[in-house]
Amino acid sequence: VDCYPTLVSIEDLSRKIYTRGVRLLSGREHSELELRKKLLRGGWFRSRFDCNKNRSSSTTRCVNNTLEITSLINEIVNQLKTDGVLSDTRYSESYIRMRINRGYGPIYITRSLREHGISDELIELGLNLDIESWINIAKETVRKQYRSNHARVISWEQKARFLTSRGFPTTVILR
């Protein structure tokens, strides 16, 4: 068994990273930041790259340090955005929809989206619900959480703490 990594040109590596990005995005939407982090963790740094592999070909470039791999990943992420495969707008819409369906409020969703590198403009656009909608979501969330506890009375304070932990603002909880 050969213990040395295989020698790879930058073109081969570029194709592999692009394919990995498409495969990740085919499973679910990712934010640009999230995809970039996953691609950086992809193990590309463990490969050894031979810059003399195709000396006769002037078009073959080779990677010999991690800075070049990082810039290559950035180029590929930009290409995925250009190709329409990667979209922060689609990611934020699907993430917001999923979190609302699971009973999370706007504070929690905003914080999570910021951690994933989504801009405030996209967050505001996606969370553009009126207060009545958030009140209905909060009521449904409390109903689902405490539906099996018919025997005991759940205090208002307990419900308020639960809604606070789920990211609902005080104005929604008080109403």
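Residues numbered from 1 in each chain as written. Predicted model: local features only at pLDDT ≥ 70, side-chain atom pairs only at ≥ 80, totals over all residues. Heavy atoms only, no water.

### Examining the overall build of the protein
Looking only at helices and strands, the protein has nine helices and zero strands in total. The order of helices and strands in the protein, counted from the N terminus, is α-α-α-α-α-α-α-α-α. Taking all 175 residues of the protein together, the buried fraction comes to 37%. Look at the contacts in the protein between residues 6 or more apart in sequence, and 69% of them connect residues 24 or more apart. Within the structure as shown, the protein displays about 11100 Å² of accessible surface, and the carbon and sulfur contribution to it stands at 50%. (Helix = DSSP H or I, 4+ residues; strand = E, 2+ residues; numbered from the N terminus. Buried < 20%, exposed > 50% of the residue type's maximum accessible area, 1.4 Å probe, protein only. Contact = heavy atoms within 4.5 Å. Areas by Shrake-Rupley, 256 points an atom, 1.4 Å probe, with all protein chains shown as cover.)

### So, the packing of aromatic side chains
In this structure the tally under the stated criterion is four aromatic pairs. Ring centres of Y104 and Y108 lie 4.3 Å apart, and the angle between their planes is 25 degrees; this geometry places the pair in the stacked category. Taking the relative accessible area as the measure of exposure, Y104 reaches 17% and is therefore buried. Judged by centre distance (6.4 Å) and plane angle (75 degrees), the rings of W134 and F168 are edge-to-face. You can see W134 sitting in helix α7 (residues 131-146) and its partner F168 sitting in the loop between α8 (156-165) and α9 (170-174), a full 34 residues away along the chain. Both residues of the pair, W134 and F168, count as buried. Here the basic side chain of R99 rests over the ring of Y104, its NZ or CZ set 5.2 Å away from the ring centre. The lysine or arginine in question, R166, covers the ring of Y104, its NZ or CZ lying 4.4 Å from the ring centre. (Phe/Tyr/Trp six-rings, centres within 6.5 Å; stacked < 30°, edge-to-face > 60°. Lys NZ or Arg CZ within 6 Å of the ring centre and 35° of its normal.)

### Points about the environment of L125
Looking at the element boundaries, L125 is found in helix α6 (residues 120-126). In this structure L125 comes out as exposed when scored by relative accessible area, which is 59%. Residues L125 and T89, 36 residues apart in the sequence, show an inter-C-alpha distance of 9.4 Å.

### Side note on the environment of P169
By secondary structure assignment, the location of P169 is in the loop between α8 and α9. Linking P169 and I107, residues 62 residues apart in sequence, is a C-alpha distance of 6.8 Å. Those residues within four positions of P169 in sequence are excluded, and the remaining contacts are P106 and I107.

### Some details on the packing of helix α1 (residues 10-27) against helix α2 (residues 32-40)
Running from N to C, α1 and α2 cross one another at 130 degrees; their axes reach a closest spacing of 11 Å. Here α2 runs oblique to α1, going by the angle between their axes. Considering the relative orientation of α1 and α2, their crossing is right-handed. Between α1, through I17, R20, G21, L24 and L25, and α2, the contact on the second element is made entirely by L35, K38 and L39. Looking at the contact of α1 with α2 residue by residue, the classes come out as five nonpolar, one polar and two charged. (Axes fitted to C-alpha atoms, helices over the stretch in contact; angles between N-to-C directions. Parallel < 35°, antiparallel > 145°, perpendicular 65-115°, else oblique. Left-handed = near helix turned anticlockwise from the far one by under 90°. Nonpolar A, V, L, I, M, F, W, Y, C, P; charged D, E, K, R; others polar.)

### Some details on the side chain of H30
Here H30 is to be found in the loop between α1 and α2. What makes H30 buried here is its relative accessible area of 2%. At 3.0 Å, the side chain of H30 and the backbone oxygen of R28 are in polar contact. A polar contact is formed between the side chain of H30 and the side chain of K38, at a distance of 2.9 Å. Excluding its chain neighbours within four sequence positions, the residues that come into contact with H30 are L24, L25, L35, K38, L86, S87 and Y91. (Polar contact = N/O pair within 3.5 Å; in protein donor to acceptor, adjacent residues only side chain to side chain.)

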